Number of protein chains: 4
Amino acid sequence: MIVVMKPNATPEQIQHVINLVREYGLKDHPIVGTDRTVIACIGDKRAVDKGAIENAPMVEKIVPILAPYKMASREVRQERTEIAIGPAGATLGGQKIGVIAGPCAVESREQLLQTARAVAEAGAIALRGGAWKPRTSPYDFQGLQAKGLEILAEARAETHLAIVTEVLRSETVQQVAAVADVLQIGARNMQHYPLLEAVGKVDKPVILKRGPSSTMEEFLLAAEYIINAGNPNVILCERGIRTFEDYVRNTLPLAIVPALRERTHLPVVVDPSHGTGHAHMVPPMCLAAVAAGADGLLVEVHRDPEHAYTDAAQQINHHAFCAMMKRARKVAEAIGRDM
Amino acid sequence: MIVVMKPNATPEQIQHVINLVREYGLKDHPIVGTDRTVIACIGDKRAVDKGAIENAPMVEKIVPILAPYKMASREVRQERTEIAIGPAGATLGGQKIGVIAGPCAVESREQLLQTARAVAEAGAIALRGGAWKPRTSPYDFQGLQAKGLEILAEARAETHLAIVTEVLRSETVQQVAAVADVLQIGARNMQHYPLLEAVGKVDKPVILKRGPSSTMEEFLLAAEYIINAGNPNVILCERGIRTFEDYVRNTLPLAIVPALRERTHLPVVVDPSHGTGHAHMVPPMCLAAVAAGADGLLVEVHRDPEHAYTDAAQQINHHAFCAMMKRARKVAEAIGRDM
Amino acid sequence: MIVVMKPNATPEQIQHVINLVREYGLKDHPIVGTDRTVIACIGDKRAVDKGAIENAPMVEKIVPILAPYKMASREVRQERTEIAIGPAGATLGGQKIGVIAGPCAVESREQLLQTARAVAEAGAIALRGGAWKPRTSPYDFQGLQAKGLEILAEARAETHLAIVTEVLRSETVQQVAAVADVLQIGARNMQHYPLLEAVGKVDKPVILKRGPSSTMEEFLLAAEYIINAGNPNVILCERGIRTFEDYVRNTLPLAIVPALRERTHLPVVVDPSHGTGHAHMVPPMCLAAVAAGADGLLVEVHRDPEHAYTDAAQQINHHAFCAMMKRARKVAEAIGRDM
Amino acid sequence: MIVVMKPNATPEQIQHVINLVREYGLKDHPIVGTDRTVIACIGDKRAVDKGAIENAPMVEKIVPILAPYKMASREVRQERTEIAIGPAGATLGGQKIGVIAGPCAVESREQLLQTARAVAEAGAIALRGGAWKPRTSPYDFQGLQAKGLEILAEARAETHLAIVTEVLRSETVQQVAAVADVLQIGARNMQHYPLLEAVGKVDKPVILKRGPSSTMEEFLLAAEYIINAGNPNVILCERGIRTFEDYVRNTLPLAIVPALRERTHLPVVVDPSHGTGHAHMVPPMCLAAVAAGADGLLVEVHRDPEHAYTDAAQQINHHAFCAMMKRARKVAEAIGRDM
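What comes next is a walk through the structure. (Residues numbered from 1 in each chain as written. Chains lettered and ligands numbered in written order. Predicted model: local features only at pLDDT ≥ 70, side-chain atom pairs only at ≥ 80, totals over all residues. Heavy atoms only, no water.)

### Examining the interface of chain D and chain A
Keep this limit in mind: Here, two residues are considered to be in contact whenever any of their heavy atoms come within 4.5 Å of each other. When two components associate, each loses some accessible surface as probed by a 1.4 Å sphere; the sum of these losses over both components is called the buried area. Only one rule defines a salt bridge in this text: a Lys or Arg side-chain nitrogen within 4 Å of an Asp or Glu carboxyl oxygen. A 3.5 Å cut-off defines polar contacts: any pair of N or O atoms within that distance qualifies, except that in protein one atom must be a possible hydrogen donor and the other a possible acceptor, and neighbouring residues in sequence count only when both atoms are side-chain atoms. Put simply, DSSP marks the helices as runs of H or I at least four residues long and the strands as runs of E at least two long, and each gets a number from the N terminus on.
Contact residues are listed per partner, giving 29 residues for chain D and 29 residues for chain A. Overall, the association of chain D and chain A removes approximately 2,100 Å² of surface from exposure, summing both partners, and the carbon and sulfur fraction of that is 63%. Along the contact surface separating chain D from chain A lie four salt bridges. The shortest N-O distance in the salt bridge between Glu75(A) and Arg36(D) comes to 2.2 Å. One can count four residue pairs in polar contact (both at pLDDT 80 or more) joining chain D with chain A. Among the elements of the structure, β1 (2-5), β2 (27-32), β3 (37-42) and β4 (59-63) of chain D are those that each provide at least two residues to the side of chain D that touches chain A.

Here it is in structure tokens:
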């Protein structure tokens, strides 16, 4: 890390900061420039609260150099992590792009099975569907819960799709992990650390959704929590961020795909359903995500979106999903990948 | 709610939407304008997923009219809610502005007691201090935990300050509530619904911090979760939002104070420590929050910020806190309130 | 537009608003709902300042229904506008995707000609290059100005590429239009109305870049200014918006491509150079933009980015541009378009 | 500036960067840390495009140390700049807080004079009023233009208020400067450099409004343009930024007041009218701005906001303005200033 002093810092003030730096166990390396003095600190420890030094007199700012995550970074692991997903041998993070599709919520046995069959036939590798739903309003439909898990298991038995479903609280991690092939941490829980630690102790892969106002660094630190607790199989999912834009539910920042691939070895998938919030934008953004280099897609598909219980505006129907898959496969080939 | 049809919608398409509206139990009221038809829907139910209708052909958009929160709104309760805080008869939400102050984290007995005495003498009504700390990195200091609670209780016994401390997970709500006078829900957990429901079942007031990318509506819906679970004593806390600004840790949007006072009867406090992230901006923003009409302040104060374990850049020292309190009292008088 | 009254509005207060609505030349249509009264206003005129009514007592909010732009909208023109670009018969807005490429700034004759030849060979339809540069700092390189125009003309003579260059002020519109095939309005000037009106009086196509904090509606209203002044040939360019993200110069919100195609008949191009700010993200985001349905790309290409005078971090070299073009052509085919 | 190399950079790659640094006329100072090498560059020139070095192989990032503005900074001038405003000896930037008030637009002689008298009596030092109006839509009222200037001059003659009015284009700078006491550069034009240079050549003070997505650095660089062109009398005006918040027209980030006071010697005023967009929030945010340390306020006041031509929702009436002024004066006293 670099400590930048204000222009008129006295030698005593500079020495005071150097003493602080040493107190923190770092080696100081002062550089006297034309306009001001900066102090490079070697041995930059990830756990030091750099802010403390900012309080010293005449410190202008602290500039961190080292990323605070470690095990999620490519510094620690150069080769990409390929994660096995479910019963049929599919993976995420390899040459082949994988699609996870299904309704926002499990609403009924018939509803889920119909969509499971449709997405399996179109080439999805996994079925998504919420059994417990985190809802912004306490008056909204909260999911079929344990019954929803049973229906998901039945859909897997029939279609051999892997099951991806959200876990909302640490108390139900075991219950959900007993059925699900992949646990999903929702965007609202990206920084709910007790839950991150709980899924870190399970031997199922985890899809971690980026919080709508998380920086890339916070996103990777949340993954680090899971890996640090013992589970290396983390799949990062971009699902849109909150900005001033009002024609979308969220702004989908696809440049995070190449940015993450540069910094981490973990697979990256994109959720254009939450990432746009409107069904007509979902297929083009699926194609764009594939073209940008995503390892997979997470897409909300409903047999009858006009009557969906939740997130209805952003679910696409079976027909639109099939059409998208055909095009996405060609885009994957265009960039030298399979799907 | 209002359904806006696209300009060239046919009578059949309009009728299809009217049928959907009726299916949802609403009364339709179509209005044929010069450019397009809109369908006003009466009996606008809070639990209907309005998005579903957006999927019907030739619907341009759905415009909600009714706010989705109820018990938090001034429609249900006109008079302001005044909430008793702790052992010494202080309140938040009345004529008197209350200040909650203390270190980010409980670091040691001596550290907490020194600051408790200092803020009590300067006129604070409550002591804040984290026993469990939610940290962005798994490698950072995570708090003294149960030991921290004991130290907080000791500080109350000596100073008669109310104790405000954060609860991180539903499993520890009872443990924390046994000591704390006010439970704090952190910004990262504003939409962690299991925790909101857990603190909704406790008879201690709750300070609910706004998530850094939450809309005002989402903020009030989170309060609604707590009230709906049985606890009407919710104190709303603005602590800054995430924007493109880079000279602050968060952007502190003080206009939410008058905006909330217009919409809700709940008390509103402001946290300029997280709301700016830099100690030198904290005192002026404390004064600004009081001038804007806040019912209280939440301020991080440390005896030696250069050596604080957490959030060091934003903690002010005892001296700065005392000086701020003197000025804040005068600002309160200037706008006709006490402090 | 819809006027929403507060819950306890009296009949007199409602009548006062109805009178105001009539005063503004609109027909009122009050609807008494279960919770509140709304007043639908028919004949919604685009020029009325709806805000005025918000000041009337007990008005909660005004909800506009009609988009404020007209000539840019698909309501007025259903078929897509295809715009001829330059001397060689290329177009933007049709079946064929067009690429505009070249250095950020014209730095020298040799520099521009080398890059012009390289991008022409790789299949670009137009050459970009700034003669006047708007720079954030007054101490930065401001461009070769008139000399830069001459060099651009020479490059066209040799390569037959169309010339795209920015015009910074209304006084130089004629001078630039005498050479350029397409005038570019930069993001900083998207709402500089005197300049929009000036390019609206010229018979050259205009590329209008979206301002970094402009809503889609403001973007289309800026296009409306140009069309309204007499020039229907406006090409919309998304170049990234300002958000909290710090791993990019701007966040590139590609969902605006399908969103704009739904609302306007004008061609839409994407600039992944400004849209990311880092060379390594430019090629994948070019492919993503094509997959999302863009009509064209605007890409900064430099023969030696390490020595570029301006925007150096985001310029790609000739080799990277060629490689991207080959892949982009395949992505275009994958979605049924040519390039 | 600091160049951070990636972890596995070879000695040759590091030497290549050192050579580039020297080529740019800087002195290199490499520091070999535990995880990576960084190269501190001394003689950090403000005009070098640091981005160029980012393109060199294995460079991770460039960290600027020096602020790119100079004459606007407190490094160059420690004492605060106090700027004389208009005919009656008022100033901005000194001990006394000054209020500029008046309608958004000059609509008629009678309208302006009534408001001029009202704000003068309440203690304003200057009258604002737009003669030319930059409007988001080409169909909106564009101002009385030259006639508006005449009316403003008449109001000054009667009330002795200084006249503050916006200049929209470089061609009319002389015409406006012949009447106005202070020229206003609107937020949309904050980076319209030809206009900044034009007002930099005039001997009237300039109020420069921050663009809605400008960083503090860009804001100060825009001021630098004006100072660099010859006019040192720049008054900075915060008027709100664009964020995801939807209960306000803009988010008003008052922490910029102490942040600017730390970095620049120029006076800082706040515009809570544009900064909130809703009349009922304007008075509390005026008080908050004063408490935060602003040197002045810019407030839209209209005799009859229900019938205002422009920005109607955010204009307050004469009565609300008087009441605010009385309270603001007390808040000013509370923090040790006059008004």
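On we go.
### Here we look at the packing of helix α11 (residues 318-334) of chain B against helix α11 (residues 318-334) of chain D
Selection rule: Axes here refer to lines fitted to C-alpha atoms; in helices the fit is confined to the stretch in contact. Angles between the N-to-C directions go from 0 to 180 degrees. By definition in this entry, angles of less than 35 degrees are roughly parallel, angles greater than 145 are roughly antiparallel, angles of 65 to 115 are roughly perpendicular, and the rest are oblique. Here is the rule for handedness: rotate from the far helix to the near one, and if that takes an anticlockwise turn smaller than a right angle the crossing is left-handed, while a clockwise turn gives right-handed. Residue type decides the class: Asp, Glu, Lys and Arg count as charged, Ala, Val, Leu, Ile, Met, Phe, Trp, Tyr, Cys and Pro as nonpolar, and the leftover types, Gly among them, as polar.
α11(D) packs onto α11(B) with a crossing angle of 165° between their chain directions and a minimal axis gap of 8 Å. Classified by the angle their axes make, α11(B) and α11(D) are roughly antiparallel. Along this stretch, α11(B) crosses α11(D), giving a crossing that reads as right-handed. Counted together, Lys330(B), Val331(B) and Ala334(B) of α11(B) and Lys330(D), Val331(D) and Ala334(D) of α11(D) form the full contact between these two elements. Of the residues that constitute the contact of α11(B) with α11(D), the class distribution is four nonpolar, no polar and two charged.

### Things to note about the interface of chain A and chain B
Facing 57 residues of chain A, the contacting portion of chain B comprises 57 residues. Looking at the side of chain A facing chain B, the largest losses of area belong to Tyr139(A), Arg242(A) and Glu306(A), adding up to 17% of the total buried there. Counting across the chain A and chain B interface gives two salt bridges. For the interface between chain A and chain B, the tally reads 34 residue pairs in polar contact (both at pLDDT 80 or more). Looking at which element gives the most residues to the side of chain A that touches chain B, the answer is helix α7 (residues 216-228) of chain A, with five residues. Grouping the amino acids of the side of chain A that touches chain B by side-chain chemistry returns 23 nonpolar, 18 polar and 16 charged.

### Some words on the side chain of Glu306(B)
Threshold: Throughout, exposure labels follow a simple rule: accessible area from a 1.4 Å probe, protein chains only, divided by the maximum for the residue type, with under 20% read as buried, over 50% as exposed, and the rest as partly exposed. We treat Lys and Arg as the positive residues and Asp and Glu as the negative residues; His and chain ends play no part in the count.
By the secondary structure assignment, Glu306(B) is in the loop between β14 (296-300) and α11. Here Glu306(B) sits buried without a salt bridge, and the closest side chain of opposite charge, Lys6(A), lies 12 Å off (N-O distance). The residues touching Glu306(B), leaving out its near neighbours within four places in the chain, are His16(A), Leu20(A), Tyr24(A), Ala52(A), Asn55(A), Ala56(A) and Pro57(A).

### As for the relation of the copies chain D and chain A
Worth spelling out the cut-off: Only residues with pLDDT of at least 70 in both copies contribute their C-alpha atoms to the least-squares superposition of the copies.
With an RMSD of 0.0 Å, chain D superimposes on chain A once it is rotated by 180° and translated 0.0 Å along the axis. Here the two chains are linked by the operation of a two-fold rotation axis. Considering only C-alpha atoms, the residue of chain D closest to the rotation axis is Phe244(D), which sits at 2.0 Å.

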